[in-house]
Every structure is written in C-alpha cells, then in structure tokens.
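Chain by chain, the residues:
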Amino acid sequence: MIDAKRRKRILSRGRPPVVWKGEPGLGAYYTEQEVRAAEKAIRKGMEWNTGFGFLVEEIVKFEEAFARYCGTQFAVSCVTASVGLDMAMMCLDLKRGDEVIVPACNFPAAALATLGQGGKVVFCEVDPRTFNADPADVERRITPRTRAICPVHMNGLSADMDGLLRVARRNPHPKHGPPKVIGDAARACGGGYKGTKIGKKGWMTVFSFHTMKLMTTLGEGGMVTTDDPAAAERLRAIRQWGAGKEWGTSYKLTMVQAAVGSVQLRRLDRMLAQRVRRARERTALLEGVPELTLPYEPPQCDHTFYLYTILVPPEWAGERRDRLVKIMADDYHVGAAIANPPVYYREYIGRKTRGQRLPLSEELGKRLFCPSLHPLMTKAQNEYVAAAIIEAVERVRKE
C-alpha cells in the first residue's frame, strides 16, 4: 500500500482536468495504421463499379484471422455483440417455456436476447471472487426446460467453461440434449482459459468491438465464434437476409470496419499486455488496504482487466460505497463504473422476470466499483488513481 507521505507527493501533481471515466470512451487505442487501413478501404470503395460491397475480401480476411486467433473453425462478423447474442438465440429456435440461464450480475444484452426470442430468463448467482456464473448454482437452477447456459466472461475474466460444460452434460434436455453453452465475451476479447483463447470452448462465443471494448471497429461491431459448421451456416444466413432459406436481415459489418478490425486484432495482445501490467501494478499499490477486496486472477485464466473490479466490505454496501465513488470523482477526478448490479433492476427485464431475487448478486451489486483503467494510462497516472482510492477510503472510514 502507498504510505501517506508518498500519497501526498503523488496527489500534489494535481488532478486530471476532467474525470477519468470508469469505462473510458475508447477502450483500445488507434494509430496511423488504422487510419491508413481505413483510408485504403475507403479509396477502394470509391470506385463506382466496386463500391463497398457486401461480404468482401476485407471482411472474409478479418473473420479468418479472428477464427485463427481464437482457435475455432469459424468466426462470423456482425454489427454489434448484442446482435450476435440475438443471432445465437435465434439458432436455438426457442419455444414458449424454454429457459436460458443467465448471470444476474450482468449487462442486459444476454437477458434481452433471450426475451427477444421468446425464451424465459432464469437468473443465476455468480462466484463472488470472479463475478462469473457459479456452476453449482447453475446446476441448482437447471430444469428439463433449460435450453442454454449463457455465461458472461465478466469484466475481462473467463467463466469456468469446463465446469459449465460438465453441468450441461449432466443435465440433458429431453429432446435437444445438453443445454448449449453460449459465452458472452463482450468484455473479454483476447482473454485465456486453460491454455485456450476465450471463444474456443462452448457452442458459440460472442465478442464486442464497441468503442469502449478491448478492440474496436470504428465504434461498433461484433463477432461470433463456433466450431459447429451448421451453426456457422445459420449465423451467416441470418445476417444476410436469410440466404433465401429463412427469415433474416442485414447484420453485416462494413468493409472499412473490417479493414480496421484486422489492424486492431494484430495489436490486441500488445494492448492487453499494457492493460494487465497497469492492473497488476495497481494491485501492488493497493494491497494492504483492509476495506478493499482486489481483483482475483485464477491460475488457469488470463485476465484482460477490461474493468478493474474492487469490492468494499459488506458493511459498506450501498450508501458508503456510493460515498466512496463520489469522493473519488468529485475531489480527485477518478471515475468508477458500477459494473454490474443485477440486471433485473432494469424495468423491462424486471417485469419479464418478476419474482426472481438473488441475494448474493444484490449484495455484490452494492459493493463493487471499477476505477478507471486504460492501456495508455501511464505509470504516474495509475499511481494517482491508486492514491486517490486510498485517500477516499480513509475519508469514508473516518466518517
């Protein structure tokens, strides 16, 4: 932990001119390589007989490179990760009463994708160290109507995929067999699990290239990986007006986005290494603060630290956590995301899942906070964040 004298010296440098967001507006970073790739693609598309095309060479190459990176046979690009989750749920052909198990501490996309296809969302608890779906709790909630388990690789850390796959195999659906495990890796692109990349294990995995994410294709974009040829074919049909065989629409990435995405993918490991380095430095700076439970890195996982997730003690849940976050932002210009309280607190999802309450998830939602982190954050800036957190903790402790 940074001692008081050193904290005073660090904070004397002055606070940032604006609040550093808990989730920065650009999660990756761009260089002239992306600019040149975009310009090249635009100039290619300016030829009137060619245009910007549909599923052009740039898109095909990006998908092939992403599949190689994840170690899968197929990667299918789309306009957003939310659309990718929608398409994955479409591939299940859900019927009335079919259930999909989703972590309660979550972004709303997986629950909305399930509801959008007529499925019933069944929320599960998360492991309080990893914030990922707890396989034991998932198994308690499986019924003969369970069609899928949709773990989120929360805040950059892989879910326990082997544990969830074992649960699925032990509890087959009477008609469809083991529930499909569909990973939501919107916040975990490039992370690892037991020697594989996130995206390899499970039936499908959905990735985000939104502006805030670990790599981005000009602000929006997504990808779905799978080793199932039939699933890949279905995904491609849905994103391209059904390929004449079924319902579909246009969910395609653009040529310019794909050209930029290929550059981002080549630099992804480097950007992640910078992010992880800063996260681990921060952990060393904060270790020993009794009120803070710092991020956990399971030995079999490669954490991307999309968010640096901290817990305050149970007695600080809610009001005191909120006070801590306010002091950080107002007095030190260090923002923090609250990612994420139970998704059923949102009006629409709560209405559709009425009666489901998960005590552990509710407690964690009142204790967690995620201070700003970015791969381009300097060592000095990271020290400032850590010093600000400790000062804010000490102030709340005395109140």
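Treat the numbers as computed from the prediction; the structure is a model and nothing was measured.

Caption draft 1: Local environment of the environment of Ser250. Among the secondary structure elements, Ser250 is positioned in the loop between α8 (229-239) and α9 (255-286). By relative accessible area, Ser250 is classed as partly exposed at 35%. Ser250 sits eleven residues away from Arg239 along the chain, and the two C-alpha atoms are 5.1 Å apart. Other than its neighbours up to four places away in sequence, Ser250 contacts Arg239 and Trp241. For Ser250, the side chain forms a polar contact with the side chain of Lys252, separated by 2.9 Å.

Caption draft 2: Up close: the sheet that holds strand β7 (residues 196-197). Read from one edge to the other, the open sheet built from three strands follows the order β7-β6-β10, with strand pairing classed as antiparallel. The strands lining the two open edges of the sheet, one partner per strand, are β7 and β10 (301-302). The sheet contact formed by strand β6 (residues 192-193) and β10 spans two bridges and is antiparallel. Bridged to Gly192 within β10 is Asp302.

Caption draft 3: Spatial organisation of the sheet that holds strand β8 (residues 204-208). One open sheet holds the seven strands; their spatial order is β1-β9-β8-β5-β4-β2-β3, and the pairing between them is mixed. Lying at the two open borders of the sheet, with one neighbouring strand each, are β1 (74-78) and β3 (120-124). Averaged over all pairs of adjacent strands, the angle between their axes in this sheet comes to 25 degrees, without regard to strand direction. Summarising the sheet, strand β4 (residues 146-149) and strand β5 (residues 180-185) pair through two bridges and their orientation is parallel. Across the sheet, Ile149 pairs through a bridge with Val181, a residue of β5. Contacts from helix α5 (residues 109-116) reach β2 (99-103), β3 and β5, with the element oriented near 150 degrees to β3.

Caption draft 4: Looking closely at the packing of aromatic side chains. Scanning the model with the defined rule gives eight aromatic pairs in all. Considering the side-chain rings of Trp20 and Tyr384, the 6.0 Å spacing of their centres and the 80 degrees angle between planes classify their relative orientation as edge-to-face. Here Trp20 is found in the loop between α1 (4-11) and α2 (32-45), whereas its partner Tyr384 is found in helix α13 (residues 379-398), with 364 residues between them in sequence. Taking relative accessible area as the criterion, Tyr384 reaches 4% and is therefore assigned buried. Between Phe62 and Phe66, the aromatic rings sit 6.4 Å apart at their centres with planes inclined by 75 degrees, giving edge-to-face as the arrangement. Linking Phe62 with Phe66, this pair stays in helix α3 (residues 57-70), spanning four residues, or about one helical turn. On the accessibility criterion, Phe62 (0% relative accessible area) is buried. On the basis of relative accessibility, which here comes to 0%, the residue Phe66 falls in the buried class.

Caption draft 5: Structural view of the packing of α2 against α9. Two numbers describe how α2 lies on α9: the axes approach to 8 Å, and their chain directions differ by 155 degrees. Between α2 and α9, the angle is such that the two are roughly antiparallel. For α2 against α9, the interelement crossing comes out right-handed. Contacts from Gln33, Glu34, Ala37, Ala38, Ala41, Ile42, Lys44 and Gly45 of α2 reach α9 at Met255, Val256, Ala259, Val260, Val263, Gln264 and Arg267. For the contact of α2 with α9, a count of residues per class yields nine nonpolar, three polar and three charged.

Caption draft 6: Seen up close, the state of the cysteines. Scanning the model with the defined rule gives zero disulfides in all. No disulfide involves Cys91; its nearest neighbouring cysteine sulfur is the one of Cys78, lying 11 Å away.

Criteria and thresholds
- Residues numbered from 1 in each chain as written.
- Predicted model: local features only at pLDDT ≥ 70, side-chain atom pairs only at ≥ 80, totals over all residues.
- Heavy atoms only, no water.
- Helix = DSSP H or I, 4+ residues; strand = E, 2+ residues; numbered from the N terminus.
- Buried < 20%, exposed > 50% of the residue type's maximum accessible area, 1.4 Å probe, protein only.
- Contact = heavy atoms within 4.5 Å.
- Polar contact = N/O pair within 3.5 Å; in protein donor to acceptor, adjacent residues only side chain to side chain.
- Pairing = 2+ DSSP bridges.
- Axes fitted to C-alpha atoms, helices over the stretch in contact; angles between N-to-C directions.
- Phe/Tyr/Trp six-rings, centres within 6.5 Å; stacked < 30°, edge-to-face > 60°.
- Parallel < 35°, antiparallel > 145°, perpendicular 65-115°, else oblique.
- Left-handed = near helix turned anticlockwise from the far one by under 90°.
- Nonpolar A, V, L, I, M, F, W, Y, C, P; charged D, E, K, R; others polar.
- Disulfide = S-S within 2.5 Å.

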